[in-house]
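The primary structure of each chain is shown beneath.
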Amino acid sequence: MDFPVSPRRAAAARRGFCAQYTHHHLVVFVLTFFSYALLHASRKAFSNVKVSISNQWTPAGINTSLYIVDPNMTWNGSDLFPDHESATIFLGLLDTIFLFSYAVGLFISGIIGDRLNMRYVLTFGMCSSAVTMFVFGTVTEWLHFYNKIFYCCLWVVNGLLQSTGWPCVVAVMGNWFGKSGRGVVFGLWSACASVGNILGAFLASSVLQYGYEYAFLVTASVQFAGGWVIFFGLVTTPKELGLPDAGEEENESAAQEEEANRPLMSGDYEGDSESSYSIQAPDNDNPTQAIGFIQACCLPGVLL
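Residues numbered from 1 in each chain as written. Predicted model: local features only at pLDDT ≥ 70, side-chain atom pairs only at ≥ 80, totals over all residues. Heavy atoms only, no water.

Novice: Can you walk me through a nonpolar patch on the surface in this structure?
Specialist: A surface patch of nonpolar side chains, amounting to about 990 Å² of accessible area, comprises Phe 100, Val 104, Phe 107, Ile 108, Ile 111, Ile 112, Leu 116, Val 156, Leu 160, Phe 293 and Ile 294. With six residues, helix H4 (residues 84-115) is the largest single contributor of residues to the nonpolar patch. Structurally, Leu 116 is set in the loop between H4 and helix H5 (118-142). By relative accessible area, Leu 116 is classed as exposed at 53%. (Patch = residues over 30% accessible without salt bridge, like charges linked within 9 Å, V, L, I, M, F, W, Y side chains within 5 Å. Areas by Shrake-Rupley, 256 points an atom, 1.4 Å probe, with all protein chains shown as cover. Salt bridge = Lys/Arg side-chain N within 4 Å of Asp/Glu carboxyl O. Helix = DSSP H or I, 4+ residues; strand = E, 2+ residues; numbered from the N terminus. Buried < 20%, exposed > 50% of the residue type's maximum accessible area, 1.4 Å probe, protein only.)

This is the structure:
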């Protein structure tokens with residue numbers, strides 16, 4: 001038998017639902033969205049300038065589109081690769097190096113993010129990756145310094161630094177948005193990678209006519225500025241503002257819904273009230289501790 005819900009309880013439930021997301025949630029959504037979008041933009045910039053890099057690293061006499069008097073003369077007096085095919089193979093090797101170091105870095109960044117402030121980790125990753133991109137594409141071209149080993153080392157470091165982005169932004173989003181809204185919220189938020197690819201293509205193409213080094217310069221500058229915005233604007237957890245975590249809000253909402261649907265009878269009401277109060281009470285004596293790598297792998301579904 002269903003019992004009617006009092007208007008006061010129904011109004012309280014509506015107020016709780018409307019107050020579930022605040023302007024702080026919007027700020028976190030926007031900052032994490034564009035932070036990861038900027039990381040993708042820098043990767044897309046490298047993909048868009050590969051042809052220009054290949055032309056710069058090969059002798060100018062092989063580039064049929066360029067008229068030059070001396071066939072043995074190169075653009076910058078450098079013959080890093082004898083032909084386009086060798087340059088293309090090396091660029092593919094750089095992609096492989098980057099993805100491998102990025103994959104390894106995800107494990108390391110996740111462990112570091114659980115033990116340090118994720119705002120610091122994300123800021124360090126974005127700013128340091130921007131500096132690496134600037135050195136790779138801009139400084140080496142300005143100084144006419146071309147070295148295969150140096151390029152490989154820089155791209156390994158860049159992959160490790162960029163791996164700090166994904167674990168941190170996902171963890172921050174998980175702190176602010178509970179399970180009840182993760183389908184819609186994360187569905188919108190997951191477009192950050194595509195937006196970053198579009199932004200990277202736009203930034204690179206807008207200055208590519210001046211030289212591929214300016215594509216790296218503009219992209220790295222925007223990413224570096226975004227890192228500082230994250231440092232001063234991102235709040236990693238609602239507790240920093242005195243707000244309850246997403247999990248606590250869900251427990252409280254579930255308890256309120258259960259209380260609103262409970263029959264107004266005097267049988268076991270007091271006992272149920274005490275039990276619901278114990279569920280809502282925050283456990284301040286046992287703060288959440290970061291788990292180890294082996295423990296994480298033992299969780300159900302992780303290895304799969």
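Novice: Just to check I follow, could you spell out helix H9 (residues 192-207) for this structure?
Specialist: Note that an α-helix has 3.6 residues per turn; residues three or four places apart therefore point the same way. Between its terminal C-alpha atoms H9 stretches 23 Å, which fits the 22 Å expected from 16 residues at 1.5 Å a residue. Taken residue by residue, H9 has Cys 192, Ala 193, Gly 196, Gly 200, Leu 203, Ala 204 and Val 207 as its buried positions. Buried residues of H9, seen end-on, are gathered within an arc of 95° and therefore sit on one face of the element. Among the exposed residues of H9, those pointing more than 90 degrees away from its buried face are Ile 198, Phe 202 and Ser 205. Turning to H9, the residues buried within the fold contact helix H2 (23-48), helix H8 (182-189) and helix H10 (212-233). (Expected span 1.5 Å × (residues − 1). Arc of directions from axis to C-beta. Contact = heavy atoms within 4.5 Å.)

Novice: Teacher, can you tell me more about the UniProt feature "transmembrane region" (unreviewed entry) in the protein here?
Specialist: Here, the residues flagged by UniProt with the feature "transmembrane region" (unreviewed entry) are residues 21-39, 87-108, 120-139, 184-208 and 214-235. The span residues 120-139 is 100% helix and 0% strand, and its two end C-alpha atoms sit 26 Å from each other. The span residues 214-235 is 91% helical and 0% strand by assignment, and the distance between its end C-alpha atoms comes to 33 Å. (UniProt positions renumbered as here; feature names shortened; annotations may be inferred.)

Novice: Looking at this structure, I do not really get the packing of aromatic side chains. What am I missing?
Specialist: For any pair of aromatic rings, geometry is given as the distance between the ring centres together with the angle between the planes. A full pass over the atoms with the stated rule returns 26 aromatic pairs. With 5.2 Å between their ring centres and 55° between their planes, Tyr 36 and Trp 166 make a pair best called tilted. Residue Tyr 36 is located in helix H2, and its partner Trp 166 is located in helix H7 (residues 165-176); the two are separated by 130 residues in the primary sequence. By relative accessible area, Tyr 36 is classed as buried at 6%. Residue classification places Trp 166 among the partly exposed positions, given a relative accessible area of 38%. Three or more aromatic residues joined by ring pairs form one cluster here, namely Phe 46, Trp 57, Phe 81, Phe 90, Phe 98, Tyr 102, Phe 136, Tyr 151, Trp 155, Tyr 212 and Phe 216. Above the ring of Phe 231, the side-chain terminus of Arg 119 is found at 5.2 Å from the ring centroid. (Phe/Tyr/Trp six-rings, centres within 6.5 Å; stacked < 30°, edge-to-face > 60°. Lys NZ or Arg CZ within 6 Å of the ring centre and 35° of its normal.)

Novice: Which parts of the structure should I look at to understand the pattern of salt bridges?
Specialist: For side chains bearing opposite charge, pairing can occur when the charged atoms are close. Inspection of the entire model under this criterion finds one salt bridge. Asp 95 serves as the salt-bridge partner of Lys 50, at 2.2 Å between the closest nitrogen and oxygen. In this pair, Lys 50 sits in helix H3 (residues 50-57) while Asp 95 sits in helix H4, placing the two residues 45 residues apart along the sequence. Given the relative accessible area of 24%, Asp 95 is considered partly exposed.

Novice: I tried to follow the nonpolar core on my own but got confused; where do I start?
Specialist: Soluble globular proteins: nonpolar side chains tend toward being buried together. With 27 residues, the main nonpolar core has Trp 57, Leu 94 and Phe 216 as its most contacted residues. Counting residues per element, the ones that place at least two in this core are H2, H3, H4, H5, helix H6 (148-162), H9 and H10. For this core, the leading source of residues is H4, giving six residues. Sequence-distant contacts of Phe 216, that is, excluding residues within four places in its chain, are made with Phe 46, Val 49, Ile 53, Met 133, Phe 136, Gly 137, Thr 138 and Trp 155. Within the second largest apolar cluster, 25 residues are counted, among which are Leu 38, Tyr 102, Val 121 and Trp 189. (Core = buried A, V, L, I, M, F, W, Y, C linked by side-chain atoms within 4.5 Å.)

Novice: Quick question: what am I supposed to make of the confidence of the model for the protein here?
Specialist: Detailed reading of the predicted coordinates is not advisable wherever pLDDT is low. When the pLDDT values of the protein are averaged, the result is 78; 72% of them are 70 or greater. Across residues 266-285 the pLDDT falls below 50, and counting only partners more than four positions away or on other chains, this stretch makes seven contacts in the model. (pLDDT = per-residue confidence, 0-100.)

Novice: What should I look at first to understand the side chain of Ser 163 in this one?
Specialist: Mapped onto the elements of the fold, Ser 163 is located in the loop between H6 and H7. Each residue touching Ser 163, except ones within four places of it in the same chain, is listed here: Tyr 102, Gly 105, Leu 106 and Ser 109.

Novice: Can you walk me through the packing of H3 against H4 in this structure?
Specialist: Between two packed helices, both the angle of their axes relative to each other and the distance between the axes serve to describe the pair. The geometry of H3 relative to H4 is characterised by a closest axis approach of 9 Å and an angle of 130° between their N-to-C directions. Considering the angle they form, H3 stands oblique to H4. For the crossing formed where H3 meets H4, the hand is right-handed. Between H3 and H4, the residues in contact are Lys 50, Ile 53, Ser 54, Asn 55 and Trp 57 and His 84, Ala 87, Thr 88, Phe 90, Leu 91, Leu 94 and Asp 95, respectively. (Axes fitted to C-alpha atoms, helices over the stretch in contact; angles between N-to-C directions. Parallel < 35°, antiparallel > 145°, perpendicular 65-115°, else oblique. Left-handed = near helix turned anticlockwise from the far one by under 90°.)

Novice: Help me out: how do you make sense of the environment of Tyr 151 in this one?
Specialist: Following the sequence through the fold, Tyr 151 ends up in helix H6. Here Tyr 151 falls in the buried class, since its relative accessible area comes to 1%. Spatially, the C-alpha atoms of Tyr 151 and Leu 91 are 9.9 Å apart, while their sequence positions differ by 60 residues. Not counting residues up to four positions away in its chain, the partners in contact with Tyr 151 are Trp 57, Leu 80, Phe 90, Leu 94, Phe 136, Thr 140, Phe 145 and Tyr 146.

Novice: I tried to follow the state of the cysteines on my own but got confused; where do I start?
Specialist: Covalently bonding the sulfur atom of one cysteine to the sulfur atom of another cysteine gives a disulfide. Under the defined criterion, the tally for this structure stands at zero disulfides. Cys 152 provides the cysteine sulfur closest to Cys 153, a residue in no disulfide bond, and the two sulfurs are 6.9 Å apart. Taking relative accessible area as the criterion, Cys 153 reaches 44% and is therefore assigned partly exposed. (Disulfide = S-S within 2.5 Å.)

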